[in-house]
Amino acid sequence: MGEDKRLAAVVALAQGMAAAHTPQECWQAAALGACDALDGSFAALSVWERELGRLRVLVNVGDRAGDEEEFPEAETYPVHQFPEITEFLHERWAGGGGPNAWVETAEGAAAGTAGYFHQRVTALRRRGRGCCVVAPVVLHGRAWGELYVARAAGAPVFARADSDFATVLAAVVAAGIAQTERLEEARRLAYTDALTGLANRRAVDMCLEEAVERHRAEGAVVSLVVCDLNGLKRVNDTLGHAVGDRLLERFGSVLSLCGAMVPGALVARLGGDEFCLVAVGPPADDVVKAADELCRRAGELEPGEGVACGVASTAEAIGEVRDARRLFRLADAAQYRAKALRLDRPVVAGREGVADPVVRLADAPPPSRAERRRFRGRRP
C-alpha cells in the first residue's frame, strides 16, 4: 500500500471513530477501519481487564467464525495465555523500546514476533485464517488492550511494513478511545447528580419524555414517584450542611435500594430535597409497593423526619396523559397531599375515584406566587 493510501486509511479510521456516538460504535469503527487499512478479512479489539487478569473481546468484525459474535458478552481469555501484554511489552518499554506490533502465521512466528505465539497460532488454524498482526493499544502510558487483524488462509502474509503500519493504527485507535472516554465522562456528569451519584433532573426529563411517548404509542404503563425529604432545612440550620449532605446521600442510597424492587426503574435527585423514581412497564401496584418500602426505610433515617411521597401512574384513574408535564403535576400534587397530611405512606393519584382531590389539584389553574408551593408548569 502506498503512502497516500495509508494516510487516507489513517484519516478514515480517525474520522470513523470521531463520528461514533457510543463506546460500542467507537470500538466497531476502530476494528473496521483497521481491517480495511490492512486489507484484512477479520479484526477484533480487546481490552485488558487488569483486576480480572484477562483480555476481554469488545468487538469482532469481518468474516467471523461460528463462535465469534460481533459484540460478545463473554469472550474472554486468561491474560497468561498472551503474556506479551504483561511481560514482553513491559520489558521492551523498560529497555527504551516502544509498543510495536508483530505478525504471526498459522505456521508460527513471523515479522516482529513478540516471542509468544502458540495460542494465536492454534486460533488461526481453528478458524481458517492464515496470519494475523497484533498491535498493542496504549492509553495514558499503559497497555490498554490489543488490536488484532487477520487474513484468510491463502492470502498474502502480513509483512514487516504491515506490522509497522499496525503500530501507527493502534496509536490512532488509542487516541480515539481516549476521546470517547472523555465524551462519555462528560455525558455521565451531565446526567448525574454530583452529591448522590443518582441520575439528575436532565436525565429524568429525557427518560420521562420517552416513556410518555411509549405510553401513547404502545400503551406502556408509566409510573412516577416524587418524594420530598422532610426536615432537611432543620438539619442544615441546626447541624450544618455537611450533615444535611450526608442525609441526602443516605436517602439516595435508600431510594436506589427500593428502586431495585422495580425492574428498569430510574432513580434520581431532582434537586434540593426532592427525589423521584420513573418506571416504564411494571404494574402500578409494584411501584406503589416500592414507594411504601421507601417511606418505611426513610422513617428510620436519622436525623431526618421521613419522606413525603406521591405516585402518579398511567394505570390509575387519572385521565389521559398527553405529556410528561401532567404526570409530573399529578405526582407532585400527590406528594404535596402526603406532606400536608403528614402521612408515612405514599399518596397515589387517582385512587379516590373521579373526585380524587389529587387529580383536581393537579389539573387546577396554576397557583399564585403567594402559595407555599408552585406546581411545575413547564416541560420537565
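In what follows, the structure referred to is the one given above.
Below is a summary of the structure that appears in this document. Note that this is a predicted model, so its numbers are computed, not measured.

### Considering the overall build of the protein chain
Summing up its helical and strand segments, the protein chain has eleven helices and twelve strands in all. Every one of the 380 residues in the protein chain was classed for burial, and the buried ones make up 49%. Contacts in the protein chain between residues at least 24 apart in sequence constitute 65% of all its contacts with a sequence separation of at least 6. With the model as given, the accessible surface of the protein chain reaches about 18,200 Å², and the carbon-plus-sulfur share is 51%.

### Focus on the sheet that holds strand 11 (residues 307-313)
The strand order across the open sheet formed by five strands is 9-10-8-11-12, and the pairing between neighbours is mixed. The open sheet is flanked by strand 9 (266-271) and strand 12 (347-348), the only strands paired with a single partner. Examined bridge by bridge, strand 8 (residues 222-229) and strand 10 (residues 274-280) share seven bridges and lie antiparallel to one another. When the sheet's bridge partners are listed, Ser223 is paired in strand 10 with Ala279. Helix-sheet contacts for helix 8 (residues 241-259) involve strand 8, strand 9, strand 10 and strand 11, and the interaxial angle to strand 10 is about 15°.

### Description of empty space enclosed by the protein
Gaps left between atoms show up when a probe the size of a water molecule is rolled over them. In the structure shown here, the tally under the stated rule is two cavities of 30 Å³ or more. In this model, the largest cavity occupies a volume close to 40 Å³. In terms of lining residues, the largest cavity is bounded by Val225, Leu255, Cys258, Gly259, Leu277, Val287, Ala290, Ala291 and Leu294. Among the secondary structure elements, those contributing two or more residues to the lining of the largest cavity are helix 8 and helix 9 (284-298).

### Quick look at the packing of helix 7 (residues 232-239) against helix 8
Where helix 7 meets helix 8, the axes come as close as 7 Å, and the angle between the chain directions of the two elements is 145°. Here Leu232, Val235, Asn236 and Leu239 of helix 7 lie close against helix 8, whose contacting residues are His241, Val243, Gly244, Leu247 and Leu248. Class assignment for the residues of the contact of helix 7 with helix 8 results in six nonpolar, three polar and no charged.

### Remarks on the pattern of salt bridges
Taken as a whole and judged by the stated rule, the model has 23 salt bridges. One salt bridge in this structure joins Glu68 and Arg129, with 2.7 Å as the shortest N-O distance. Taken together, the residues Glu68 in the loop between strand 2 (54-62) and strand 3 (76-78) and Arg129 in strand 6 (residues 129-139) connect sequence positions 61 residues apart. A single burial state applies to Glu68 and to Arg129, both of which are buried. Note that Lys339 and Asp228 form a salt bridge whose closest N and O atoms lie 3.2 Å from each other. Placement of Lys339 in helix 10 (residues 324-340) and of Asp228 in strand 8 is noted, with a sequence separation of 111 residues between them. Overall, the relative accessible area of 21% leaves Lys339 in the partly exposed class.

### A few points about the packing of helix 1 (residues 3-18) against helix 5 (residues 160-190)
For the pair helix 1 and helix 5, interaxial distance at closest approach is 9 Å and the crossing angle is 25°. Regarding the angle of helix 1 to helix 5, the classification is roughly parallel. In this structure, helix 1 crosses over helix 5, and the sense of that crossing is right-handed. On the side of helix 1, the interface is formed by Arg6, Ala9, Val10, Leu13, Ala14 and Met17, while helix 5 contributes Ala161, Asp162, Phe165, Val168, Leu169, Val172, Val173, Gly176 and Ile177. A per-class count over the contact of helix 1 with helix 5 returns twelve nonpolar, one polar and two charged.

### Structural notes on the packing of aromatic side chains
A complete count under the given rule lists two aromatic pairs for this structure. Consider the rings of Phe42 and Tyr148, whose centres lie 6.2 Å apart with planes at 75°: the pair is edge-to-face. Placement of the pair is Phe42 in strand 1 (residues 42-49) and Tyr148 in strand 7 (residues 142-152), with a sequence separation of 106 residues. Residue Phe42 is classed as buried on the basis of its relative accessible area, which comes to 2%. Ring centres of Phe251 and Phe275 lie 4.9 Å apart, and the angle between their planes is 75°; this geometry places the pair in the edge-to-face category.

### A word on the layout of surface pockets
There is about 380 Å³ of room inside the largest pocket. Lining the largest pocket are 19 residues, with Asn230, Gly231, Glu305, Lys339 and Arg342 sitting closest to its centre. Elements represented by at least two residues in the lining of the largest pocket include exactly strand 8, helix 7, strand 11 and helix 10. Ranked by residue count, the leading element in the lining of the largest pocket is helix 7, at three residues. Classifying every residue of the lining of the largest pocket gives seven nonpolar, four polar and eight charged.

### Let's talk about unusual backbone geometry
Most peptide bonds are trans, and most residues other than glycine sit at a negative phi. Cis geometry is adopted by the peptide bond preceding Pro303, which originates at Glu302 and carries an omega value of 10°. A positive phi is found at Asp39, a non-glycine position, where the angle reads about 55°. Turning to its location among the elements, Asp39 is positioned in the loop between helix 2 (23-37) and strand 1. Under the relative-accessibility criterion, Asp39 is labelled exposed at 52%. In this structure, His140 is a non-glycine residue whose phi angle is positive, near 55°. As for its placement among the helices and strands, His140 is situated in the loop between strand 6 and strand 7.

Reading the values: the criteria
Residues numbered from 1 in each chain as written. Predicted model: local features only at pLDDT ≥ 70, side-chain atom pairs only at ≥ 80, totals over all residues. Heavy atoms only, no water. Helix = DSSP H or I, 4+ residues; strand = E, 2+ residues; numbered from the N terminus. Buried < 20%, exposed > 50% of the residue type's maximum accessible area, 1.4 Å probe, protein only. Contact = heavy atoms within 4.5 Å. Areas by Shrake-Rupley, 256 points an atom, 1.4 Å probe, with all protein chains shown as cover. Pairing = 2+ DSSP bridges. Axes fitted to C-alpha atoms, helices over the stretch in contact; angles between N-to-C directions. 1 Å grid on protein atoms, 1.4 Å probe; cavity = no way out; pocket = protein on both sides within 12 Å on 5 of 7 lines; lining within 4 Å. Points joined across faces, edges and corners; volume = space filled by probe spheres on them. Nonpolar A, V, L, I, M, F, W, Y, C, P; charged D, E, K, R; others polar. Salt bridge = Lys/Arg side-chain N within 4 Å of Asp/Glu carboxyl O. Parallel < 35°, antiparallel > 145°, perpendicular 65-115°, else oblique. Left-handed = near helix turned anticlockwise from the far one by under 90°. Phe/Tyr/Trp six-rings, centres within 6.5 Å; stacked < 30°, edge-to-face > 60°.

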